[in-house]
Amino acid sequence: MAHPLSANPKIFVQILRWTLLIIPVAVVVGSLNAFFLWILNLATVTRVENPWLIYMLPLAGLVIVYCYRRLGKNSDGGNNLIMDEIHEPGAGIPTRMGPLVLITTVITHLFGGSAGREGTAVQIGGASTHWLARVFKLNEADTRLILIAGVAAGFGAVFGTPLTGAIFALEVLAIGRLRYDAIIPALFAAILADVVCSAWGAHHTHYRIDFLETITIFEHTVKVDLFMVGKIVLAAVAFGLAGYLFGELTHVFKDIFKATLKNPYLIVVVGGLIVIGAVQLIGNYDYIGLGVYSSREGGVSILSAFQEGGAEWYSWLLKLLLTAVTLAAGFKGGEVTPLFFVGATLGNTMAWVLGAPVDLFAALGFLAVFAAATNTPLACTIMGIELFGADHMLYFAIACYTAYYFSGHTGIYSSQRVAVPKLFDLGGAPKIHHKLGELRETHSSLLKSLVKRYK
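The protein appears in an unreviewed UniProt entry as Voltage-gated chloride channel protein from Photobacterium sanctipauli. The Subcellular location (unreviewed entry) field of the UniProt record for the protein holds the comment "Membrane".

Shown next as structure tokens:
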């Protein structure tokens, strides 16, 4: 039997090889995401200064649909296409996916769609690294690894959270399982891409939690307030259900649009008109765009949700509905930043209901709704540490994992696999080999059943 350390020279060579492969990945993905963040900010500022642009949203939708139908090839698969290529290579990822999703996401935000940026960053990363894999003539196994690295680089660069980006890329592929064979490429790619993105002058939002506590039991200091944990668990159940609702409503609206309107050009026009009508009924522009900052004094945003009175009790629901309609209609962008908005504002409301610290619960909702909708509780716990510090790490973990279980076998990524079911079964949980999209078709949710009934 060989000595355990006998493979070390070979491991060192592999790490050196992957470091050399990852450098161009990080430079390309980090630079493209820096450009994306710059032009996205420009589009957002332009829309805020010219609110009449929202009335052109249906026309912008027509341009987006036309671009994908005429130029996109299979690019419309988005993040799900990248996941499928990692699991079962063959379909390929067109290089055009990167610039196409970048342009159409900017169009969506310029004209007032409610969407995010994570999906765009990940697709830029996936398309760029798949092109590099062909340039480097990598085999199938190495192509899988470099695609995972591309996802990590895109996510880490766009949010300024490299460790989260690496864990997210490993965790998002299959519920309940991490791909540790890709940890070195993913971590290197995320760190270097974040460095490159920052070097280009990209700025990321900074958050803070001011709440601090010292808990004593029998005159001895302890790390965890059990009464606070109880409140967090109750709130996390609501966060998990919100994540479930977001994923399901997005799919349901797609089903309704396809069943009733059928034509993609008509669907995107109607979706745009719904968003315009909703904005008019609401009376402000707080719930379109990214929602990180408010376009008016006293408006609702992610940042305002960390302050008492910074959100209405229904703010999370309005953002959830507008984003679900925007994405289901065919507009482009990610889901993650809107999920942050939904979570932070719901956390603000739960803090009021439970008599808890507003900034802490806004942060917990920010993380936990994302964890529930993407089935990535570990990555979201790490994100909490990178964004808010480690003082409340245990609370982050409790909220994220509780929300994860209460969101069920659903999520925003249809191509995500179920490796380990979310079941407590002492006799052994049944194995599920479906994608979430297939599972949704064979085991209809309540919302899916209602759509089928009235088709």
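Summing up its helical and strand segments, the protein has 17 helices and four strands in all. For 455 residues, the compact-globule estimate of 2.2 N^0.38 gives 23 Å, and the protein sits close to it at 22 Å. Within the protein, buried positions represent 55% of all 455 residues. Across the protein, contacts joining residues at least 24 apart in sequence account for 75% of those joining residues at least 6 apart. When the 31 positive and 28 negative side-chain charges of the protein are each reduced to one mean point, those points stand 12 Å apart.

Turning our eyes to something else, we now look at the environment of Val 48. In this fold, Val 48 is placed in helix α1 (residues 8-49). You can call Val 48 partly exposed: its relative accessible area is 36%. The sequence separation of Val 48 and Leu 261 amounts to 213 residues, and the corresponding C-alpha distance is 31 Å.

Moving on: a nonpolar patch on the surface. Taken together, the side chains of Phe 12, Val 13, Leu 16, Leu 20, Ile 23, Val 27 and Leu 192 make up a nonpolar region of the molecular surface, amounting to roughly 640 Å² of accessible area. Broken down by element, the nonpolar patch gets its largest block of residues, six residues, from α1. Judged by its relative accessible area of 32%, Leu 192 is partly exposed.

Here we come to the domain arrangement of the protein. Taken domain by domain, the protein holds domain 1 (14-200) and domain 2 (226-417). With 50 residues of domain 1 in contact, the opposing surface of domain 2 contributes 49 residues. Of the roughly 4300 Å² buried between domain 1 and domain 2 on both sides combined, carbon and sulfur atoms contribute 65%. When the area that domain 1 buries against domain 2 is broken down by residue, the three leading residues are Ser 114, Glu 171 and Ile 175, summing to 16%. Applying the counting rule to domain 1 against domain 2 returns three salt bridges.

Close contact between helix α13 (residues 358-374) and helix α14 (residues 377-388) brings their axes to 9 Å; oriented N to C, the two are set at 150°. Regarding the angle of α13 to α14, the classification is roughly antiparallel. Here the hand of the crossing between α13 and α14 comes out right-handed. On α14, the residues that touch Ala 363, Phe 366, Leu 367, Phe 370 and Ala 371 of α13 are Pro 377, Cys 380, Met 383, Gly 384, Leu 387 and Phe 388. Broken down by class, the residue content of the contact of α13 with α14 amounts to ten nonpolar, one polar and no charged.

Inspection of the entire model under this criterion finds 18 aromatic pairs. A centroid spacing of 5.2 Å and a plane angle of 65° characterise the contact between Tyr 207 and Phe 366, whose relative ring orientation is edge-to-face. Of this pair, Tyr 207 sits in the loop between α8 (183-199) and β2 (215-217) while Phe 366 sits in helix α13; the two residues are 159 residues apart in sequence, bridging distant segments of the chain. A relative accessible area of 13% places Tyr 207 in the buried class. Within the aromatic cluster, the residues linked to one another by ring pairs are Phe 155, Phe 159, Phe 168, Tyr 207, Phe 306, Phe 340, Phe 366, Phe 370, Phe 388 and Phe 396. Sitting above the plane of the Trp 18 ring, Arg 17 keeps its charged end 5.6 Å from the centroid. Taking NZ or CZ as reference, Lys 422 lies 4.2 Å from the ring centre of Tyr 404, over its face.

Of note, Val 369 is situated in helix α13. Residue Val 369 is classed as buried on the basis of its relative accessible area, which comes to 0%. Contacts of Val 369, omitting those with residues within four sequence positions, involve Phe 239, Ala 242, Gly 243, Leu 339, Val 342 and Gly 343.

So, about the nonpolar core. Counting 136 residues, the largest nonpolar core has Phe 239, Phe 361, Phe 366 and Phe 388 as its most contacted members. If you tally residues by element for this core, the top one is α13, at 14 residues. When residues of this core are assigned to domains, at least three map to each of domain 1 (14-200) and domain 2 (226-417). Residues contacting Phe 388, with those up to four places away along its chain left out, are Tyr 207, Arg 208, Ile 209, Phe 306, Ala 363, Phe 366, Leu 367, Met 383 and Phe 396.

Before going further, it helps to examine unusual backbone geometry. Of note in this structure, Lys 137 is not a glycine but carries a positive phi near 55°. Secondary-structure assignment places Lys 137 in the loop between α5 (118-135) and α6 (140-159). Of note, the phi angle at Lys 262 is positive, near 65°, even though the residue is not glycine. By the secondary structure assignment, Lys 262 is in the loop between α9 (226-260) and α10 (264-282).

Conventions used here
Residues numbered from 1 in each chain as written. Predicted model: local features only at pLDDT ≥ 70, side-chain atom pairs only at ≥ 80, totals over all residues. Heavy atoms only, no water. UniProt positions renumbered as here; feature names shortened; annotations may be inferred. Helix = DSSP H or I, 4+ residues; strand = E, 2+ residues; numbered from the N terminus. Rg over C-alpha atoms; globule rule 2.2 N^0.38 Å. Buried < 20%, exposed > 50% of the residue type's maximum accessible area, 1.4 Å probe, protein only. Contact = heavy atoms within 4.5 Å. Lys, Arg positive; Asp, Glu negative; His and termini not counted. Charge placed at Lys NZ, Arg CZ, Asp CG, Glu CD. Patch = residues over 30% accessible without salt bridge, like charges linked within 9 Å, V, L, I, M, F, W, Y side chains within 5 Å. Areas by Shrake-Rupley, 256 points an atom, 1.4 Å probe, with all protein chains shown as cover. Salt bridge = Lys/Arg side-chain N within 4 Å of Asp/Glu carboxyl O. Domains from an automatic or database assignment. Buried area = accessible area lost by both parts, 1.4 Å probe. Axes fitted to C-alpha atoms, helices over the stretch in contact; angles between N-to-C directions. Parallel < 35°, antiparallel > 145°, perpendicular 65-115°, else oblique. Left-handed = near helix turned anticlockwise from the far one by under 90°. Nonpolar A, V, L, I, M, F, W, Y, C, P; charged D, E, K, R; others polar. Phe/Tyr/Trp six-rings, centres within 6.5 Å; stacked < 30°, edge-to-face > 60°. Lys NZ or Arg CZ within 6 Å of the ring centre and 35° of its normal. Core = buried A, V, L, I, M, F, W, Y, C linked by side-chain atoms within 4.5 Å.

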